[in-house]
Amino acid sequence: MSKGSVLARIRNILLAPIHALQILSGNKEFRNPILGSERLNRKGLHVWRVKTAARIAGWRRKRLRHLVTKDERSFFAANGFIERRNLLSNEDFRALVREVELLEAPAREMREGRAVTRRIPLTPDVLAKNPAIKAFLNSERWTGPIRYVGGFNVEPVLSIQTIFGTPSQGAGEMDPQTDLHTDTFHSTAKAWYFLYDVPADEGPFTYVAGSHKLTRRRLAWQKRMSILGSRGWTGGSFRIPLSAVKRLHLPMPTKFAVPANTLVVGDTFGFHARGYSARSSVRVEFYASQRPNPFLPFVNLDVAHIPFVRGRKEVIGWYLEDWLVRLGLQREIWRPIGQARPRPDIPSNHTPS
């Protein structure tokens, strides 16, 4: 046995208690020798985590059912997403868009293939200068579906997100977000509130309706993927080709080519992707995500109750990434770009229609 193998074995023994505790966490990495054990996953460890997290999420949602309508609850149970069009009145929507178009604040960008994602965190400093944005974020019309789908009555990670899409032209340019995938092994909430019309051929969000449900076929697929993941030490954001979606008896993906002023909230345990863009495009939206520990039964346990954390979850995540990059433990994902605007292509004197 090589020296490296001996050290790895010792390290795994010392970290065994932490690895075991991560069974009841949101950790999806198969690098964990317990979560990534092929023997344990053949016996059903991964499937047990999937089923247990789903039962707890269902229990939490029952406690938050007042946040959405009865029809929305039924639609979500069948499809895995909630869509609200004409979310704001024309007057409120125009005021909101105007503030977004004038906004200039610290931002970061991430490149995936040729696509670039820009995010401007909605920190207390930003909200203090933008009353329409602040009022929108505090509105239950926006927060209710996110908290219900996520199953937690907590503040999500919030930002104004801009997707700069371009058509892929060759190897290494493909945006991995255009592959149908599931974010992790449990229910999570992601929300997009679109400030401009989203054309069908400019990278719309797509979702396979009903793919969030734990059918017999879906659980068999999860088990198979966990075994393959154990062999390859991959993360738990599994990709799925369209042919496999058909074998699971699921429909073709729904494209959210929707008008401005539309909110879409999806459970991203279901299969979803970013649509292909036929041309250079810019998509601007309010973006929110919610992913606390899926095994928590508490709906109100929120670190945002800590004064400095409230409104800064995105920024704190970036600070943590910066620290790990400096230690050489992680590559840089979100690159600081200084002060930036969500729509640099729109002049500051533009009046939204």
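You'll find the structure just up there.
These numbers were taken from a predicted model, which means no experiment stands behind them. (Residues numbered from 1 in each chain as written. Predicted model: local features only at pLDDT ≥ 70, side-chain atom pairs only at ≥ 80, totals over all residues. Heavy atoms only, no water.)

**With respect to the overall build of the protein chain**
Right, so step 1: Counting secondary structure elements, the protein chain contains twelve helices and eleven strands.
Right, so step 2: For the protein chain, whose C-alpha radius of gyration is 21 Å, the value lies close to the compact-globule estimate of 20 Å for 353 residues.
Right, so step 3: Here the C-alpha coordinates of the protein chain stretch approximately 70 × 45 × 45 Å along the principal axes.
Right, so step 4: Split into buried and exposed, the 353 residues of the protein chain put 50% on the buried side.
Right, so step 5: For the protein chain, contacts bridging at least 24 residues in sequence account for 85% of all contacts bridging at least 6.
Right, so step 6: Distance between charge centroids for the protein chain: 11 Å, based on 55 positive and 30 negative side chains. (Helix = DSSP H or I, 4+ residues; strand = E, 2+ residues; numbered from the N terminus. Rg over C-alpha atoms; globule rule 2.2 N^0.38 Å. Buried < 20%, exposed > 50% of the residue type's maximum accessible area, 1.4 Å probe, protein only. Contact = heavy atoms within 4.5 Å. Lys, Arg positive; Asp, Glu negative; His and termini not counted. Charge placed at Lys NZ, Arg CZ, Asp CG, Glu CD.)

**A short note on the packing of aromatic side chains**
Right, so step 1: On inspection of all chains with the given rule, the structure shows 20 aromatic pairs.
Right, so step 2: Between F93 and Y193, the aromatic rings sit 6.4 Å apart at their centres with planes inclined by 90°, giving edge-to-face as the arrangement. Here F93 is found in helix α6 (residues 90-102), whereas its partner Y193 is found in strand β5 (residues 189-194), with 100 residues between them in sequence.
Right, so step 3: Note on F93: relative accessible area 11%, which makes it buried.
Right, so step 4: Residue classification places Y193 among the buried positions, given a relative accessible area of 0%.
Right, so step 5: Above the plane of the ring of F185 lies R49, whose end atom (NZ or CZ) is 4.1 Å from the centre.
Right, so step 6: When the ring centre of F152 is taken as reference, the NZ or CZ atom of R60 above it lies at 3.8 Å. (Phe/Tyr/Trp six-rings, centres within 6.5 Å; stacked < 30°, edge-to-face > 60°. Lys NZ or Arg CZ within 6 Å of the ring centre and 35° of its normal.)

**Here we look at the side chain of E285**
Right, so step 1: Position of E285 relative to the elements: it lies in strand β10 (residues 281-290).
Right, so step 2: Within the structure, the side chain of E285 is placed 2.6 Å from the side chain of Q161, a separation counted as a polar contact.
Right, so step 3: Reaching out from E285, the side chain makes a polar contact with the side chain of R283 at a distance of 2.6 Å.
Right, so step 4: Setting aside its immediate chain neighbours within four residues, E285 contacts S159, I160, Q161, I163, W192, Y193 and F194. (Polar contact = N/O pair within 3.5 Å; in protein donor to acceptor, adjacent residues only side chain to side chain.)

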